[in-house]
Amino acid sequence: MSQYLKNQQKVETLANANVIANVVAEYMDDRTAVSYLVEQTNPKASARIIVTDETATVIYDSASNNNIFGKVLIKQEIMSALKGTDVVNAYKEKDVGTVIQGAVSVISASETVGVVYVSEVASSIDEFIANVRWILIVISLVVCLLIGVLSSVMSDVIIGPIERFTRIIRGMEGDTPDKHVPVMGKDEVAELGVAFNALIDKLEQMEEKRRLFVSNASHELKTPLSSIKLLSDSVLSMNELDEESVREFMEDINGEIDRLTKIIDRLLSLTKLDVGDDKLDLKVTDLNEMADRIVKSLLPVSEDKNVTLNNATNKEALAMVDREKFWQVIYNITDNAIKYTPQGGTVTVYVFNEGDFCRIEIVDTGIGIPEDDVDKIFDRFYRVDKARARESGGTGLGLSIANDVVMMHEGKILVDSTEGVGTKFIIIVPKKLQLDN
Ligand SMILES: Nc1ncnc2c1ncn2[C@@H]1O[C@H](COP(=O)(O)OP(=O)(O)OP(=O)(O)O)[C@@H](O)[C@H]1O
Ligand SMILES: [Mg+2]
């Protein structure tokens, strides 16, 4: 800005000097005329005007107390104007400020007959710049202050709730009963709060499930152990025991050990499925053939119970499944069907091809499942009739395992049951044959 103003001033100074040079050009011999003419051009009071002749001798000086009149003024600007090059420049003079000076040649009949030198203190430029500087400083301070206030307000608005949120979450590390954060308003922080609360709900559900599982598992493991302890205590406390009684006790103990082993085996397969590091070993498998083999292996059990068991399908049904795991699905459900079907009943297995899916139905004419229990039978350790299940050696884990495996295959198990009439378990599993390459 200062540069611009100086340039403006330079142009003006040069123009003034030129005007004077033109006016006095023809009267350079007459000093009185020169002074008169210069004063007639009405120069600014702040400007000092010096006119020299062609030998740089001062013939007019506007400064009243001048004592250079009649002297030769050796000034670079005057010399250069005498040589025909007009000059204008600005410089800073101590205690005075910016000074603009210009020198132009006075030409008469194509001859340089003198020089008009104008020097002017541009105090208005300095004042203006000083003012502008002050205004800018004040504006900058005000803007800084505003930014400071604004950012502190903004941080209160934005960071404040997040900090509050963090404090609440930190506070939860202890044993606070309610782990939810209070949700206020509808902003992003509130959304975060809602998501956080949903996560807490889920974690609480998982924790509750885990607690239940551990308590159930301990209970289920404790029961056969207690029986074993009781039986062995009895044997030890009896002085005289005939061989047959000992055998009877040992058989009971053996039975309890078998039960323990079964529970532990099932728990192990469940935890393996839970951890998820047990990857599926998918292979193209004929599920109808698998069902055939399962039926064959369960025939002795069904015959023992006088239940008719058969696979009613003779058509191939190919799907990509983990053979070992999927075997447990059909096996556990068919085993249940036999177990929960009274004498004289029937258990029939069907295997269908259905587009991209295979559908396996295991239909029995057994005791059925009460409506209220249908949703729970896939829960770990859940048995509809605990006393009866215990008699039949049930752990309540068979369906959990089957369900987990089917879920891993991205399939599902449906149940259709009527108490006293029978139950139909439907397993639906995607074929995924395109994976086989
Ligand atoms: N076909 C069925 N008919 C009637 N009830 C059934 C049938 N299948 C399962 N249930 C009920 O569902 C419960 C859970 O079955 P699940 O297979 O998980 O356990 P379980 O058979 O008792 O024990 P496990 O399979 O470990 O020997 C059973 O206890 C039984 O009450
Ligand atoms: Mg079972």
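Engineer: Would you take a moment to explain the site of ligand 1 for this structure?
Structural biologist: As a matter of local geometry, ligand 1 sits amid 21 residues, with Arg 266, Asn 336, Asp 364, Thr 395 and Leu 399 nearest to it. Thr 395 is positioned such that a nitrogen or oxygen atom in its side chain is 2.3 Å from an oxygen atom of ligand 1. Here ligand 1, which alone exposes 600 Å², has 99% of that area covered by the protein. Assessed atom by atom at 2 Å from the grid points, ligand 1 resides in the second largest pocket. If you list the elements that add at least two residues to the shell around ligand 1, you get helix H6 (243–275), helix H8 (323–339), helix H11 (398–408) and strand E12 (422–430). If you tally residues by element for the shell around ligand 1, the top one is H8, at three residues. Across the shell around ligand 1, the residue classes tally to nine nonpolar, seven polar and five charged.

Engineer: What exactly am I supposed to notice about unusual backbone geometry here?
Structural biologist: For residues besides glycine, phi is generally negative; the peptide bonds are generally trans as well. Phi angles above zero are rare outside glycine, and Ala 56 is one such case at about 70°. A residue is classified by how much of its surface remains accessible, and Ala 56, at 1% relative accessible area, is buried. If you check the backbone angles, Asn 306 has positive phi at about 60° while not being a glycine. Following the sequence through the fold, Asn 306 ends up in the loop between helix H7 (287–305) and strand E7 (308–311). When its relative accessible area of 48% is taken as the criterion, Asn 306 is described as partly exposed.

Engineer: Could you clarify how one ought to interpret helix H1 (residues 2–24) in this entry?
Structural biologist: Helical geometry note: an α-helix holds 3.6 residues per turn, so side chains three or four residues apart project in the same direction. Helix length check: H1 (23 residues) gives 33 Å between terminal C-alpha atoms against 33 Å at 1.5 Å per residue, within 8%. Looking at the buried side of H1, the elements it contacts are helix H2 (31–40), strand E1 (47–53), strand E3 (87–93), strand E4 (97–108), strand E5 (111–121) and helix H4 (123–171).

Engineer: For this particular structure, what's the right way to read the pattern of salt bridges?
Structural biologist: Per the stated rule, a full pass over the model turns up 18 salt bridges. For Asp 61, the salt bridge identified is with Arg 48, shortest N-O distance 2.7 Å. One end of the pair, Asp 61, is in strand E2 (residues 58–61); the other, Arg 48, is in strand E1, and 13 residues separate them in sequence. According to the relative accessible area criterion, Asp 61 is buried, its value standing at 7%. Take Arg 48: its relative accessible area is 32%, and that puts it in the partly exposed class. Linking Glu 361 and Arg 359 is a salt bridge whose minimum nitrogen-to-oxygen distance equals 2.8 Å. On the basis of relative accessible area, Glu 361 is assigned to the buried category, the value being 7%.

Conventions and cut-offs
By convention here, each chain's residues receive numbers from 1 onward along its written sequence. Each chain is given a letter, starting from A, and each ligand a number, starting from 1, according to the order in which they appear as written. Owing to the predicted nature of the model, reporting of local features is limited to residues with pLDDT of at least 70; listing and counting of side-chain atom pairs is limited to 80 or more, with chain, interface and lining totals taken over all residues. Hydrogens and water molecules were not included; the side-chain quantities draw on all heavy atoms of the structure. When at least one non-hydrogen atom of a residue lies within 4 Å of a molecule or strand, that residue is treated as near it. Throughout this description, a polar contact denotes any pair of N or O atoms lying within 3.5 Å of each other; where both atoms belong to protein, one of them has to be capable of donating a hydrogen while the other can accept it, and for residues adjacent in sequence the pair is counted only when both atoms sit in side chains. Exposure was quantified through the Shrake-Rupley algorithm and a 1.4 Å probe, taking into account, for residues, occlusion by the shown protein chains and nothing else. Cavity means a closed set of points on a 1 Å grid over the protein atoms alone, one where a 1.4 Å probe fits but cannot get out, pocket means an open set with protein on both sides within 12 Å along at least 5 of 7 lines, and lining means a residue has an atom within 4 Å of a point. Molecules are considered to sit inside a cavity or pocket once more than half of their atoms lie within 2 Å of its grid points. In this description a helix means any DSSP run of H or I spanning at least four residues, a strand means any run of E spanning at least two, and both kinds are numbered starting from the N terminus. Charged residues are taken to be Asp, Glu, Lys and Arg, nonpolar residues to be Ala, Val, Leu, Ile, Met, Phe, Trp, Tyr, Cys and Pro, and polar residues to be all remaining types, Gly included. Exposed residues in this analysis have more than 50% of their type's maximum accessible area, buried residues have under 20%, and partly exposed residues fall in between, with area computed by a 1.4 Å probe over protein chains only. Expected span of a helix: the number of residues minus one, times 1.5 Å. Pairs of residues are marked as contacts when any of their non-hydrogen atoms sit within 4.5 Å. By definition here, a salt bridge exists when the distance from a side-chain nitrogen of Lys or Arg to a carboxyl oxygen of Asp or Glu is within 4 Å.

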